[in-house]
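What the coordinates show
The lines below spell out each chain.
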Amino acid sequence: MEKSVIYPFSHPLYVMVKPVGAMCNLACRYCYYLEKKGLYEERRTVMSEHVLENFIRQYIGAQTQREVLFVWHGGEPLMLPVSFYENALRLQRKYAGGHVIDNCIQTNGTLLTDEWCRFLSANGFLVGVSIDGNGQMHDMYRRTVGGSGTFSEVMRGIDMLVRHGVEWNAMSTVNSYNVGRPVELYRFFRDIGCRYIQFTPVVERTCGGRLGLPDADGSDFRLTDTSVSPEEWGVFLCEIFDEWVRNDVGEYFVQLFDATLANWAGVEPGVCSLSATCGNALAMEYNGDLFSCDHFVFPEYLLGNIGRGSLIDMGYGEAQNRFRRMKTDLPQRCRECEWRFLCNGECPKNRFVTDVSGERGVNYLCDGYRKFFSHSAPYMKFMCDELAAGRAPSNVMRFFSNNR
Ligand SMILES: C[S@@+](CC[C@H](N)C(=O)[O-])C[C@H]1O[C@@H](n2cnc3c(N)ncnc32)[C@H](O)[C@@H]1O
Ligand code: SF4
Ligand code: SF4
Ligand code: SF4
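Only a predicted model underlies this, so the values are computations on that prediction, with no experimental measurement involved. (Residues numbered from 1 in each chain as written. Chains lettered and ligands numbered in written order. Predicted model: local features only at pLDDT ≥ 70, side-chain atom pairs only at ≥ 80, totals over all residues.)

1. Quick notes on the overall build of the protein chain
When its secondary structure is counted, the protein chain shows 14 helices and 13 strands. Its C-alpha atoms give the protein chain a radius of gyration of 21 Å, near enough to 22 Å, the size a compact globule of 404 residues would have. In the protein chain, which comprises 404 residues, the share counted as buried stands at 47%. Considering only contacts within the protein chain whose residues lie at least 6 apart along the sequence, 72% involve residues at least 24 apart. (Helix = DSSP H or I, 4+ residues; strand = E, 2+ residues; numbered from the N terminus. Rg over C-alpha atoms; globule rule 2.2 N^0.38 Å. Buried ≥ 20, exposed ≤ 12 C-beta atoms within 10 Å, placed from the backbone. Contact = placed C-beta atoms within 7 Å.)

2. Side note on the packing of helix 8 (residues 255-265) against helix 13 (residues 366-388)
Here helix 8 crosses helix 13 at 60°, and the two axes come no closer than 9 Å. When the axes of helix 8 and helix 13 are compared, the crossing they make is right-handed. When helix 8 is examined against helix 13, the residues T260, L261, W264 and A265 are found in contact with a partner set consisting of S376, M380, K381, M383, C384 and L387. Grouping the amino acids of the contact of helix 8 with helix 13 by side-chain chemistry returns 7 nonpolar, 2 polar and 1 charged. (Axes fitted to C-alpha atoms, helices over the stretch in contact; angles between N-to-C directions. Left-handed = near helix turned anticlockwise from the far one by under 90°. Nonpolar A, V, L, I, M, F, W, Y, C, P; charged D, E, K, R; others polar.)

3. Comments concerning the site of ligand 3
Within the structure, ligand 3 sits among C272, S273, C278, G279, A281, C293, H295, K327, C347, P348 and K349. A breakdown of the residues in the shell around ligand 3 according to their chemical character gives 6 nonpolar, 3 polar and 2 charged. (Near = placed C-beta within 6 Å.)

4. Observations concerning the sheet that holds strand 13 (residues 302-305)
Here 10 strands make up an open sheet; going across it, the order is 10-6-5-4-3-2-1-11-12-13 and the pairing mixed. Strands with a single pairing partner mark the edges of an open sheet, and in this sheet they are strand 10 (253-254) and strand 13. Both strand 4 (residues 126-130) and strand 5 (residues 167-174) contribute to a ladder of 5 bridges, which runs parallel. Bridging from a neighbouring strand, G128 pairs with N169 of strand 5. Seen against the sheet, helix 5 (residues 151-163) touches strand 4 and strand 5 and runs at an angle of roughly 160° to strand 4. (Pairing = 2+ DSSP bridges.)

5. Description of the packing of helix 1 (residues 49-61) against helix 2 (residues 82-95)
Put simply, helix 1 and helix 2 touch, their axes get as near as 9 Å, and they point 40° apart. What the angle tells us is that helix 1 and helix 2 run oblique. In this structure, the crossing between helix 1 and helix 2 has a hand that is right-handed. Along its contact with helix 1, which presents L52, E53, I56, R57 and I60, the element helix 2 presents A88, L91, Q92 and Y95. Per-class residue counts for the contact of helix 1 with helix 2 are 6 nonpolar, 1 polar and 2 charged. (Parallel < 35°, antiparallel > 145°, perpendicular 65-115°, else oblique.)

6. Notes on the environment of N344
With respect to the helices and strands, the residue N344 is situated in the loop between helix 12 (340-343) and helix 13. Of the residues examined, N344 has 22 C-beta atoms within 10 Å and is grouped as buried. Along the chain, N344 and C272 lie 72 residues apart, while their C-alpha atoms are 9.9 Å from each other. Setting aside chain neighbours within four positions, we find N344 in contact with L274, S275 and A276.

7. Looking at the site of ligand 4
Around ligand 4 sit R333, C334, C337, W339, R340, C343, G345, E346, N363, C366, Y369 and R370, and those are all the residues in its vicinity. Among the elements that line the shell around ligand 4, the one with the most residues is helix 13, at 3 residues. Across the shell around ligand 4, the residue classes break down as 6 nonpolar, 2 polar and 4 charged.

8. Thoughts on the confidence of the model for the protein chain
Scored by pLDDT, the protein chain comes out at a mean of 94, with 93% of its residues at no less than 70. Overall, residues 1-10 carries pLDDT values under 50, and its contacts beyond four positions in sequence, including any with other chains, amount to 28 contacts. For this predicted complex, the interface confidence comes out at an ipTM of 0.99, alongside a pTM of 0.95. (pLDDT = per-residue confidence, 0-100.)

9. A few points about helix 13
Helical geometry note: an α-helix holds 3.6 residues per turn, so side chains three or four residues apart project in the same direction. The sharpest bend along helix 13 measures roughly 55° and falls at A377, with the proline P378 sitting one to four residues further on. Turning to helix 13, its buried residues are C366, G368, Y369, F372, F373, S376, Y379, M380 and M383. (Bend = angle between axes of the 7 residues up to and from the residue.)

10. Some details on helix 7 (residues 230-247)
In this model, helix 7 (18 residues) spans 26 Å end to end at C-alpha, consistent with the 26 Å of a helix rising 1.5 Å per residue. Those residues of helix 7 not exposed but buried are P230, W233, G234, F236, L237, I240, F241, W244 and V245. The arc that holds every buried residue of helix 7, seen down its axis, measures 160°, which confines them to one face. (Expected span 1.5 Å × (residues − 1). Arc of directions from axis to C-beta.)

11. Looking at unusual backbone geometry
Excluding glycine, most residues fall at negative phi; most peptide bonds, likewise, are trans. Here G74 and G75 are connected by a cis peptide whose omega angle stands at 20°. Take G75: it is sitting in the loop between strand 2 (67-72) and helix 2. Unlike most non-glycine residues, N344 shows phi in positive territory, near 55°. Backbone geometry at E346 places phi at a positive 50°, although glycine is not the residue there. E346 gets classed as buried once you count the C-beta atoms within 10 Å, which come to 24.

Now the structure itself:
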């Protein structure tokens, strides 16, 4: 896998840091994180110097490998001044103890300035920019609190990153609007020169005014109108795959395709949702509260606070081990599935369906994944064989165009 893709979930113990909690300058309609403001009474949820230093010291100390990856997340992490991150880098140097430290930051891109870009470039940050496609697609749900679209601001930010030579990649949600225009969406990223693309399906349920707790019974929940259907997700993946496998293998990298190929080849996919295990990617709020995963920031999944307990104890303790078991505790449908080696039941947050046989805990997106895995199988097999023979998987493009 290439260096310039954010694959943090493959690290032994990894924490997504929320230095401003859920505070954000935007109000994207599907956002799962905005409601986390409700967890705290403070209106301004900003990480203190004390929490920052404690975290950096413990985080580096918890790493068994030489490289340490810091991931700054949110809310919107660029709502802090550059000086916050300059201080963080100073503390990273103070506690580095021979480790090599990398930083990446996930942003909506609208607050990028020349000052930010100079800082990000000088310090080798990898920047994940959230963008949902062209102006029409992006502005459908990614808006300001006042309701204005943000596409032009994001594109201005991306241009600035490019001008300053900052490494960046795109995070695109796949939602009820853009899911119907897969090839147009994919070509948009190609046209703006984005070689690394991550598509994340929006699957959210509401219950009693908050988003659904991932492991609760599905019956009382209502799916949000921004969510995709399983069928749409399957068609979306297949159509983009067809475009990619004929033209772009080795040039453009779609995270989910890379991960699927990795599972075909029997190597760690680097994407938690398709891995056999998960639970090594925690989330930490501004005040040091540590949660099992970014998608499980609910009081029920609070592991403790780094001011009162140790990161290692919480990250490898019983509560987190119980969380880890959710991933491997598969319903019968998955245990018998021919695609289990590729899918591993996907993310437990999406396992809320009761199927016709009455089996609970079935993955909502299952039918979509089945469609994609079966559609891509001949191509994936071919690429896998090429890899095993020491040849380039991109030969798939020539092979299939010659045999059409
Ligand atoms: C919560 S945001 C935080 C970082 C930053 N504010 C941003 O937008 O990139 C992290 C990522 O989650 C994505 N996201 C938000 N709500 C989502 C949802 N309900 N399902 C899937 N992805 C979602 C965003 O588009 C973004 O790429
Ligand atoms: S910019 Fe990020 S954190 Fe803010 S509302 Fe949008 S997805 Fe959520
Ligand atoms: S619960 Fe889902 S998002 Fe969280 S680590 Fe596991 S697979 Fe990843
Ligand atoms: S495709 Fe469906 S049945 Fe198969 S492993 Fe994935 S979620 Fe389970």
